[in-house]
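# Inside the fold
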Amino acid sequence: MEEKIDVEAGENPFQPYLDSLRKVLEDQDPIFIVGIIVSLAVVVITFVLLKYFISSKTVQSAVLLVGLSDSGKTLLFSRLLSGKFKKTQTSITDSSAPYKAKNERGSSWTLVDLPGHDSLRPQYVEKFKSAARAMVFVVDSAIFQKEVRDVAEFLYFLLTDSAVYRNVPSLIVACNKQDITMAKSAKLIRQQLEKEMNTLRVTRSAALSAQDGSAGASVHLGKKGKDFEFSQLPMKVEFLECSARGSKGEDGEADIASLEKSLAKL
Amino acid sequence: MLDFFTIFSKGGIVLWCFQGTGVTESFTGPVNALIRSVILQERSGNNSYTHDAMSLKYKLDNEFELVFVVGFQKILTLTYVDKFIDDVQLHFRDRYKNELEQKGALALLNSHFAFEDDFKLLLREAEESSKARGPTSMRSFNASLKSQKTVKSMIETKGGDKGKEQGGKKNKNAKKEAPAAEPMKGEKAKAPASVQKTVENDNQGMTQEEIIQKKREEFIRKRMGAPVEKPSKSPKPAKEKPKGKEKRVWTLGGCSTKELDYSQSNGNGAHAAGDQGLDAQADPGLQLSSMKGDLLAVDYESSEGDEEMEVEEEDVVKRVVVADTSKKIPKKGAFGGMFGMLKGLVGSKSLSQEDMEPVLDKMRDHLIAKNVAAEIASQLCDSVAKKLEGKVMGTFTTVASTVKGALQDSLVQILQPKRRMDILRDVLDARTQRRPFVITFCGVNGVGKSTNLAKISFWLIENGITVLIAACDTFRAGAVEQLRTHQRRLNSLHPPQDHGGRPVVQLYEKGYGKDAAGIAMEAIAYARNQAFDVVLVDTAGRMQDNTPLMTALAKLIAVNMPDLVLFVGEALVGNEAVDQLVKFNQALADHSMSDKPRLIDGIVLTKFDTIDDKVGAAISMTYITGQPIVFVGTGQTYNDLRSLNARAVVGALMKA
């Protein structure tokens, strides 16, 4: 006991207080002091255990908005949370906010908007993937034809990730920018993606291993021998159409009813 | 005059924007370009950027995660912009502190920032202040300092000794001309300038050695004598001038022959304050101005010891002063001192430049020790400093850990490819379009182009792709034979019987001394006819400042328009990497005819097995070009081909 007190403070101003404290404690029964120490230890252990249990409950309570750069994630984020239209620029960091789902239970979880720029994507996905209970993959439907290979590669990267494979978060593919006339439908996008993922399965497995020996993902998507289909995946996949900008542009409402419904089902 | 001004959060939401009168086009494009090329590529060292006709200046606020961008026409030179951005930033922060401090994006989404009036006020103030200063008017002759000098002082004499700074510049005179003071003062005592000239010419009659000796003595004597003498000497020349011609006093020579007798001792104290110099003279083995004999050991104790003593005294005085003040602080706040240490760990403390300075210097040296090019290491550290300035540190984090973490993130970000890199996928695409996929390898001599070309063709044929190798190295002896040997070995590993009767690898060569661009064009046409999937073009190694060869390479690439131009660089290269890549890119850009010249698309990093963890070359190369590292060569057999793992490389870099 005395050593503890000595270690705590070696400064002069503390000395008189410590002397008096020491005297008070020495007057007490030693068993009493032992009792105090034991109770303190119990409190600390309970605290640690509680924290562990609480954190394990909230470990998967985030819904991630992912996608390529310029696909409309930040605007969708703004519309879902506040309904307002905001001008956006390329995101450099993630933004997160609690979201109240529109269902009877009124469940609320965290909605996280990740940046889509190529150099930032991998590290932010790495940071948030274990906390994801669902992922909203936002696709720019208007320029999909040109970007189909990049979209497919990112989706492949997400699906073959080991953490995703383990937690199996549900996947919602939101085909954004439907207000533009040349936008492709969700069904078409689904078909194109399935075809592309089929080819990617072959080329990605033939890719070179990294220089320190660590190979790429060894997860094989879908069933061997058969063409790839999204229904073969272990997680729930849903394709829907939406428009974050809305048909009336800045002033009107966004056309995200189907997205909100899907989010409510989570 | 400003085109636009935006304030947006780092998460991408625009909080407030202002568009100048008469500007109709949206500013999202230029700002996005700014973000992509500067901030994300870690070039935020200097804070301006030009995009087409517009010039953009920006400022990062790291405490509240905001970015302030102003854009104006490039042709205008507005002087008030930097200070203006700073003012706006401070104003905005003060006004909206409450909303900005809340965590989470909800506050930013829901609040409306009505900053118009403040902004207009600040803009008006800034514009007025820039107009107020106006051009500085020239001084009249009387007001200038030159009119205070005498004519004699400004006459330059031959031999380099300028007898200037007489009249008004007494103090300056004393300090500047300390070593040469003595003889000069003796000369200045003589009246006419012409005599001065001749005297000075005579001065030069002495040999170099003697001048050096003399000056050395003066210097030492000056140091030995009290500094008080300095100002006293300077009024002397002014007084002595009207006296007339005075006898010249030679210091070494003395006034009598007795003083010239050095046989007794090593000189007296009077004119041998330079024990040093006389010792040097007496030393038989030493001959100063010739290359013979031993060099005099540099004795910092004796001659410069005097000077050092003086300097040291000053330092000691300074140090004592500093120690006193620092001692006072702990006495007052001994209680607070202990808590102050804890406070440094816990609680919010915002990072300033001074805090980060020592850590960044150490990091810069560490990076350079790991073979990152020197200018790239300093640019990286500047960029990290910009990103962290003003940021509030979390609890129990030290400055060093924050800076290290930020540096690690930016290194990983640099190494991530900016676009998709899947060669097999593109090859399959080209196959469906019935055209060959052309890859060109370029680089300086001896980096491993032919070896890695063979490794890549092995990888390709393992995946069922037919390859045509074009031997466009028509200069080096044995280049064509080397490729032929590779072709034979690869064909024996994958015999034609297994692949439908046709050889998987073929070599297209036209011998030596021919034009490389022509051979490449014929090879591509041949591949198209024979339905080869990939054409690998091997070029001769060339130094980056060899202009005719660079022109030839640029012509090859411009004429044949390959799908992929790979620069092969070895991992052992240090600062050279920067020069090589810059000059290669420059040559490719200059000599192409089209608007969009084909530049280097990817990098092959070779000889990776020779470096342990000095992997800095990877950083240098990707930083300079912005292109990803596509292949990593780790040996000389066919299997030694890898892809880059950014995390592993950064881990090796940051390892102590």
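Everything numeric in this text was worked out from a predicted model, so none of it was measured. (Residues numbered from 1 in each chain as written. Chains lettered and ligands numbered in written order. Predicted model: local features only at pLDDT ≥ 70, side-chain atom pairs only at ≥ 80, totals over all residues. Heavy atoms only, no water.)

## What about the overall build of chain B?
- When helices and strands are counted, chain B shows 26 helices and 13 strands.
- Within chain B, the proportion of its 656 residues that are buried is 44%.
- In chain B, of all internal contacts separated by at least 6 residues, the share reaching a separation of at least 24 is 71%.
- As displayed, chain B has an accessible area near 34,200 Å², and 54% of this comes from carbon and sulfur atoms. (Helix = DSSP H or I, 4+ residues; strand = E, 2+ residues; numbered from the N terminus. Buried < 20%, exposed > 50% of the residue type's maximum accessible area, 1.4 Å probe, protein only. Contact = heavy atoms within 4.5 Å. Areas by Shrake-Rupley, 256 points an atom, 1.4 Å probe, with all protein chains shown as cover.)

## Some words on the nonpolar core
- In terms of nonpolar packing, the biggest core is built from 113 residues, with Leu411(B), Trp459(B) and Phe631(B) touching the most fellow members.
- The greatest single-element share of this core, amounting to eight residues, is contributed by helix α18 (residues 399-415) of chain B.
- Apart from the residues within four sequence positions on either side, Leu411(B) is in contact with Leu367(B), Leu380(B), Ile619(B), Val650(B), Leu653(B) and Met654(B).
- Counting 56 residues, the second-largest nonpolar core is a separate cluster that includes Tyr156(A), Val173(A), Met197(A) and Ala33(B). (Core = buried A, V, L, I, M, F, W, Y, C linked by side-chain atoms within 4.5 Å.)

## With respect to the state of the cysteines
- Inspection of every chain in the model, using the stated rule, returns zero disulfides over all chains.
- Cys175(A) takes part in no disulfide bond, and the closest cysteine sulfur to it belongs to Cys242(A), at a distance of 7.7 Å. (Disulfide = S-S within 2.5 Å.)

## A word on helix α23 (residues 547-560) of chain B
Residues and elements named next belong to chain B.
- Between its terminal C-alpha atoms α23 stretches 20 Å, which fits the 20 Å expected from 14 residues at 1.5 Å a residue.
- Restricting attention to buried positions, one finds in α23 the residues Met550, Leu553, Ala554, Leu556, Ile557 and Asn560. Looking straight down α23, one finds that the buried residues subtend no more than 155° of arc, so they occupy a single side. For α23, the exposed residues set more than 90 degrees away from the buried face come down to Thr547 and Pro548.
- Buried residues along α23 sit in contact with β6 (437-442), β7 (467-472), α22 (516-530), β9 (534-539), β10 (564-570) and α24 (576-590).
- Two residues or fewer after α23 comes Met561, characterised by a positive phi angle close to 45°. (Expected span 1.5 Å × (residues − 1). Arc of directions from axis to C-beta.)

## Some details on the sheet that holds strand β4 (residues 54-61) of chain B
Residues and elements named next belong to chain B.
- Here five strands make up an open sheet; going across it, the order is β2-β1-β5-β4-β3 and the pairing antiparallel. Because the sheet does not close on itself, it has two edges, and the strands there are β2 (14-19) and β3 (48-51). Within the sheet, the average angular offset between the axes of one strand and its neighbour, ignoring direction, is 20°.
- As paired strands, β3 and β4 are joined by four bridges and run antiparallel to one another. What sits directly across from His51, in β4, is Met54.
- Here helix α2 (residues 81-95) sits on the sheet in contact with β1 (4-9), β2, β4 and β5 (66-73), set at roughly 40° to β4. (Pairing = 2+ DSSP bridges. Axes fitted to C-alpha atoms, helices over the stretch in contact; angles between N-to-C directions.)

## What to know about the confidence of the model for chain B
Residues and elements named next belong to chain B.
- When pLDDT is averaged across chain B, the result is 75; 72% of the residues are at 70 or more.
- Confidence over residues 160-205 falls short of pLDDT 50; this stretch has 62 contacts with residues more than four positions distant or in other chains.
- Across residues 226-238, confidence stays below pLDDT 50; counting only partners more than four residues off in sequence or on other chains, it has eight contacts.
- For this predicted complex, the interface score ipTM comes out at 0.73, alongside a pTM of 0.68. (pLDDT = per-residue confidence, 0-100.)

## A closer look at the environment of Lys129(A)
Residues and elements named next belong to chain A.
- The residue Lys129 is located in the loop between α5 (121-128) and β4 (132-140) in this model.
- Sequence spacing of Lys129 and Val164 is 35 residues, and the spatial spacing of their C-alpha atoms is 6.7 Å.
- If sequence neighbours within four positions are ignored, Lys129 has contacts with Leu64, Asp161, Ala163 and Asn167.
- A polar contact of 3.5 Å, which involves the side chain of Lys129, links it to the side chain of Glu126. (Polar contact = N/O pair within 3.5 Å; in protein donor to acceptor, adjacent residues only side chain to side chain.)

## Things to note about the UniProt feature "domain: SRP54-type proteins GTP-binding" (unreviewed entry) in chain B
- In the numbering used here, UniProt assigns the "domain: SRP54-type proteins GTP-binding" (unreviewed entry) feature to residues 628-641 of chain B.
- For residues 628-641 of chain B, helix accounts for 0% and strand for 43%, while the C-alpha atoms at its two ends are 16 Å apart. (UniProt positions renumbered as here; feature names shortened; annotations may be inferred.)

## Some words on the pattern of salt bridges
- Scanning the entire structure with this criterion turns up 25 salt bridges over all chains.
- With its nearest N and O atoms 3.6 Å apart, the salt bridge here joins Glu194(A) to Arg190(A). Taken together, the positions of Glu194(A) and Arg190(A), both in helix α8 (residues 186-205) and four residues apart, correspond to about one turn of that helix.
- Classification of Glu194(A) by relative accessible area gives buried; the value is 16%.
- Here Asp361(B) makes a salt bridge to Arg364(B), at a shortest N to O gap of 3.1 Å. Within this pair, Asp361(B) and its partner Arg364(B) are both found in helix α16 (residues 353-369), separated by three residues, close to a single helical turn.
- Taken together, the shared-partner salt bridges connect Arg149(A), Asp150(A), Arg420(B), Asp426(B) and Asp429(B) into one network. (Salt bridge = Lys/Arg side-chain N within 4 Å of Asp/Glu carboxyl O.)

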